[in-house]
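Structural description and commentary
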Amino acid sequence: MYRTHTNGQLRAEHINETVTLSGWVQKSRNKGFMIWVDLRDRYGITQLIFDEERTPKEMMEVAANLGREFVIQVTGTVIERESKNPNLPTGDVEILVSEILILNKSLTPPFTIEDETDGGEDLRMKYRYLDIRRNPVRESLMFRHKVTMAVRNFLSEKSFIEVETPYLIKSTPEGARDFVVPSRMNEGQFYALPQSPQTFKQLLMVGGMDKYFQIVKCFRDEDLRADRQPEFTQIDCEMAFIEQEDILNTFEDLTRHLLKEINGVEIGDFPRMTYDDAMKKYGNDKPDIRFGMEFGELNAVAQHKDFKVFNDAELVVGIAVPGGNTHTRKEIDKLIDWVKRPQVGALGMVYSRCNEDGTYKSSVDKFYDQEDLSKWAEATGAKPGDLICILSGETNKVRAQLSALRMELAERLGLRKATEFAPLWVIDFPLLEWDEETSRYHAMHHPFTSPKPGQMELLKTNPGDVKANAYDLVLNGNEIGGGSIRIHDKDIQATMFDYLGFTPEEAKEQFGFLMDAFQYGAPPHGGLAFGLDRLVAILGGQETIRDFIAFPKNNSGRDVMIDAPAFIDEEQLKELNLQLTLSK
């Protein structure tokens, strides 16, 4: 028996008991005549004590030579601690050690295994197995487990069945790039790793499973961003014999359950906002509604004077920054520099101060009088003491630029509080979006998304105006889930493929199995997938998903711990029928 108790378990009521503990040496303090060792495991820390009056000399020597992260087993008596530590659950007791066994020695770790470590991110990712020993990382992984179990329990109680779908599937041209896997037994042919289990969960609905879920790994060979992983986890769900309202109600309930169970937060109604309104009011389709600063469109009150910048713009739009009139000119200049960065791309920014006495002072006073500026304040909802920030240009670009500025200002002003939660449904997305490069429409979600009821005919005349029967669940400015009502009719699916530029032969080759299945009584169905990594991070009050993944990739998509991806042996290449020589 390696242990009778864990290192976070012992209390005053255990005094005088003989116990056996195992774990890692967190640190030791050697006074010569007395040695204290902090022994750590997943559950906590217990202090061990060795002293020359009660401890044999040879054991004192062993204790004196214990290094950080040595794995040891001790047996001893629980005694009352003279200097109690109120910050430790075990701080009232310590173990007078009578036996000690070194189970494994350790090299000196490359960084300290403490909450506030001296290791940089790259170093900690290289030695992730050591990083996991630190409380913040371990607690994040335990938090993820807690969320995952809450999801499983909720869905199981709602009669959802967890079904595993294949990881080795067929590559399809829609969506992001696939990771491909060569088949040794089928020369020249490849599997793909799934970007989602989309078609399989639809087939499960055809198969009569009715309510399906899966906590599943997905893979996308996309250009990486700071907080995107090439492999990620979804809570994937599908339901049959439902309409959009059924989906929204079910997953509102799941989100409420998680916020209550995990965070102790009660959430009432989930607001609903159309995609068009989200873009108009916030400049993006996943707005953070925990704070104001809604967009105010200013074309009608800003394009009547001789200010060419505004007159030539497709859209003039602004936001009111609460209390922003306290910004100095130097601080405003820094904001202007911020929006002119390549990542944002604005050419400049106009501003107007809303003074406490009801007057205004703008950076374009040469062109606009007090009456004009008061109309700007009215359009943006600005109050005395606020600052109005205005951008102009091509509609889609300027909305994205102002959205970035809005989020940056909210961050600086402390308006994005991690303990506040504001969910939102964004609905009525465009079904299709035009791609200038390929000169054709692409599905905004995926080609299996159904148009809104009654809009199928619009595909023939105004395809860009057709709304999708699709919905995204947004939490604190992050899309945490998205889905749609699916097409379940073969002819409608064939029509959709046609509008997306597939020939009948291409549609048959890529998705013939799904079209064939629809001929055997496919029920109306729809679903939703949550991004588990993102959801867990938000519930945990963090922005970075990497903290909640056991073995994450870096920003270049590399696992620096195992050094992957890596070259493979030429013999393997030959076995896979890949006649390719790679220089190492």
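Heads up: these notes are all about the structure in this document. (Residues numbered from 1 in each chain as written. Predicted model: local features only at pLDDT ≥ 70, side-chain atom pairs only at ≥ 80, totals over all residues. Heavy atoms only, no water.)

**With respect to the packing of aromatic side chains**
Enumeration over the complete set of coordinates arrives at 19 aromatic pairs. Where Trp 425 meets Tyr 471, the ring centres are 6.1 Å apart and the plane angle is 85°; that geometry is what we call edge-to-face. Highlighted residues: Trp 425 in strand β17 (residues 423–427) and Tyr 471 in strand β20 (residues 470–475), separated in sequence by 46 residues. The pair Trp 425 / Tyr 471 is uniform in exposure class, with both members buried. Each residue in the set Phe 307, Phe 310, Phe 367, Tyr 368 and Trp 376 is aromatic and connected to the rest through ring pairs, giving one cluster. (Phe/Tyr/Trp six-rings, centres within 6.5 Å; stacked < 30°, edge-to-face > 60°. Helix = DSSP H or I, 4+ residues; strand = E, 2+ residues; numbered from the N terminus. Buried < 20%, exposed > 50% of the residue type's maximum accessible area, 1.4 Å probe, protein only.)

**Comments concerning the nonpolar core**
Generally speaking, soluble globular proteins have nonpolar side chains that are buried together. Counting 41 residues, the largest nonpolar core has Val 147, Leu 155, Ile 247, Phe 251, Trp 425 and Phe 530 as the members making the most contacts within it. The dominant element in this core, judged by the number of residues it contributes, is helix α6 (residues 244–263), at seven residues. What Leu 155 contacts, discounting residues up to four positions off in sequence, is Phe 160, Phe 213, Ile 235, Cys 237, Phe 251 and Leu 254. Core analysis: the next-biggest nonpolar cluster, separate from the first, contains 25 residues, Phe 291, Leu 335, Ile 336 and Leu 387 among them. (Core = buried A, V, L, I, M, F, W, Y, C linked by side-chain atoms within 4.5 Å. Contact = heavy atoms within 4.5 Å.)

**Observations regarding the layout of surface pockets**
The space that makes up the second largest pocket amounts to roughly 350 Å³. In this structure, the second largest pocket is lined by 22 residues; those nearest its centre are Val 309, Leu 347, Gly 348, Ser 392 and Gly 393. Elements represented by at least two residues in the lining of the second largest pocket include exactly α9 (308–311), β16 (387–393) and α12 (395–412). No other element matches β16, which puts four residues into the lining of the second largest pocket. (1 Å grid on protein atoms, 1.4 Å probe; cavity = no way out; pocket = protein on both sides within 12 Å on 5 of 7 lines; lining within 4 Å. Points joined across faces, edges and corners; volume = space filled by probe spheres on them.)

**Focus: unusual backbone geometry**
Here Ala 564 and Pro 565 are connected by a cis peptide whose omega angle stands at 5°. Assignment of secondary structure puts Pro 565 in the loop between α16 (532–539) and α17 (570–575). Of note, Asp 210 is a non-glycine position whose phi angle comes to about 75°, a positive value. Structurally, Asp 210 can be placed in the loop between α5 (198–206) and β9 (211–219). Classification of Asp 210 as partly exposed rests on a relative accessible area of 33%.

**Here's the deal with the sheet that holds β16**
Taken in spatial order, the five strands line up as β12-β13-β16-β14-β15 in an open sheet, and their pairing is antiparallel. At either margin of the open sheet sits one strand with a lone partner, and together these are β12 (296–297) and β15 (360–362). In this structure, strand β13 (residues 315–321) lies alongside β16, joined through seven bridges in antiparallel fashion. Within the sheet, the bridge partner assigned to Ala 320 lies in β16 and is Ile 388. Contacts from α12 reach β12, β13 and β16, with the element oriented near 10° to β13. (Pairing = 2+ DSSP bridges. Axes fitted to C-alpha atoms, helices over the stretch in contact; angles between N-to-C directions.)

**Some remarks on the pairing of strand β5 (residues 93–104)**
Inspection of the sheet shows strand β3 (residues 44–51) paired to β5 by two bridges, in the parallel sense. Across the sheet, residue Ile 49 finds its bridge partner in β5, namely Leu 96. Sheet topology places strand β4 (residues 71–80) next to β5; 10 bridges connect them, and they run antiparallel. The residue of β5 that forms the bridge with Val 74 is Ile 100.

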